[in-house]
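Descriptive structure summary
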Amino acid sequence: MLKKLLSEVGAYFLLLSKTIKKPQKSSVFGKLFMREIYDLGVNSFGLVLFTSIFFGAVVAIQMYSNFSASTFPIPNSFIGYATKVVLILEFAPTIISVILAGKVGSYIASSIGTMRVTEQIDALDIMGVNSPNFLILPKILASVIFNPLLILISIVFGIWGGYLAGIATGNWSKADYITGIQMYMPEYFIWYAIFKTAVFAFLIASIPAYFGYNVKGGSLEVGRASTQAVVWTIVCIIITNLILTQMFLS
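Worth saying up front: this structure is predicted, and the values here are computed from it rather than measured. (Residues numbered from 1 in each chain as written. Predicted model: local features only at pLDDT ≥ 70, side-chain atom pairs only at ≥ 80, totals over all residues. Heavy atoms only, no water.)

1. As for empty space enclosed by the protein
Under the definition given, this model contains one cavity of 30 Å³ or more. The volume enclosed by the largest cavity comes to roughly 30 Å³. Contributing to the lining of the largest cavity are Tyr12, Leu15, Leu16, Thr19, Ile136, Ser206 and Tyr210. Of all elements in the fold, only α1 (2-19) and α9 (188-213) reach the threshold of two or more residues within the lining of the largest cavity. (1 Å grid on protein atoms, 1.4 Å probe; cavity = no way out; pocket = protein on both sides within 12 Å on 5 of 7 lines; lining within 4 Å. Points joined across faces, edges and corners; volume = space filled by probe spheres on them. Helix = DSSP H or I, 4+ residues; strand = E, 2+ residues; numbered from the N terminus.)

Now the structure itself:
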């Protein structure tokens, strides 16, 4: 088991070594990159916004419940502050990345896997094209560049979701919530969230690409590879989240 795992990790890094190289044709790469921005990023807007609004509301309600149950009186303004910090440090970069791993990761694995089983990748190799660089690098760059933007939007709409929850429940006033949002928070929290998101985005693009690129068999194996890609991507995100949190916040 360990030997197989190490072999897979080694094959993954070998594939990355072929992927992260200067594109052979910049004009073609530019078109592929813009297409991946749309497929991997823009198409995820709706899911990110919907999820962020409702989770922001849930976080705010949970903060209110916890503060109300406290033996010490805690001002309602801290609901806005706590919601903001939770969204920035953990929810937006981590939970949204896990959701994107399911949506984007399965798409990447299945699209590249289909090209493998239909021998399109073999045709690229025969023509002398660096197929990992041609197929995978645009996806990695699109994810690493665009996902942080999605996360920043997620933070904004998550905070707005908490604001709407206050209006709907009447448990805290608009003024208290806005006061909490305006409370001081270390600036590096935002940079930490962006950096963490970029790392997660790299995993979301590269791990499913590895599974799709190495598919063997037919359409059934493509489905299995997509499932494995999503599972392993989420596992790596969780482990990486622990490592980054220990490195930067401990």
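The discussion continues.
2. Quick notes on the side chain of Thr19
Relative to the helices and strands, Thr19 is located in helix α1. On the basis of relative accessibility, which here comes to 0%, the residue Thr19 falls in the buried class. A polar side-chain atom of Thr19 sits 2.8 Å from the main-chain carbonyl oxygen of Leu15. Setting aside residues up to four positions removed in sequence, Thr19 forms contacts with Pro132, Asn133, Ile136, Leu137 and Ile140. (Buried < 20%, exposed > 50% of the residue type's maximum accessible area, 1.4 Å probe, protein only. Polar contact = N/O pair within 3.5 Å; in protein donor to acceptor, adjacent residues only side chain to side chain. Contact = heavy atoms within 4.5 Å.)

3. Some words on unusual backbone geometry
When glycine is set aside, most residues are seen to have a negative phi, and most peptide bonds are trans. Non-glycine residue Glu119 carries a positive phi angle of around 65°. Relative to the helices and strands, Glu119 resides in the loop between α4 (77-117) and α5 (120-126).

4. Observations regarding the packing of helix α7 (residues 137-169) against helix α8 (residues 174-181)
Where α7 meets α8, the closest approach of the two axes is 9 Å, and the angle between their N-to-C directions is 160°. The angle between α7 and α8 falls in the class roughly antiparallel. Pair α7 / α8 crosses with right-handed handedness. Contact residues: Ile159, Gly162, Tyr163 and Ile167 in α7; Lys174, Tyr177, Ile178 and Ile181 in α8. Class assignment for the residues of the contact of α7 with α8 results in six nonpolar, one polar and one charged. (Axes fitted to C-alpha atoms, helices over the stretch in contact; angles between N-to-C directions. Parallel < 35°, antiparallel > 145°, perpendicular 65-115°, else oblique. Left-handed = near helix turned anticlockwise from the far one by under 90°. Nonpolar A, V, L, I, M, F, W, Y, C, P; charged D, E, K, R; others polar.)

5. Concerning the layout of surface pockets
By volume, the largest pocket amounts to about 820 Å³. If you go around the largest pocket, you meet 26 residues; those closest to its centre are Leu5, Glu8, Tyr210, Phe211 and Trp232. The set of elements that each furnish at least two residues to the lining of the largest pocket consists of α1, α9 and α10 (219-249). With nine residues, the top contributor of residues to the lining of the largest pocket is α10. When its residues are assigned to classes, the lining of the largest pocket shows 18 nonpolar, three polar and five charged. Considered as a void within the structure, the second largest pocket measures approximately 160 Å³ in volume. Surrounding the second largest pocket, Pro23, Gln24, Lys25, Val28, Phe29, Leu32, Val129, Asn133 and Phe134 form its lining. When its residues are assigned to classes, the lining of the second largest pocket shows six nonpolar, two polar and one charged.

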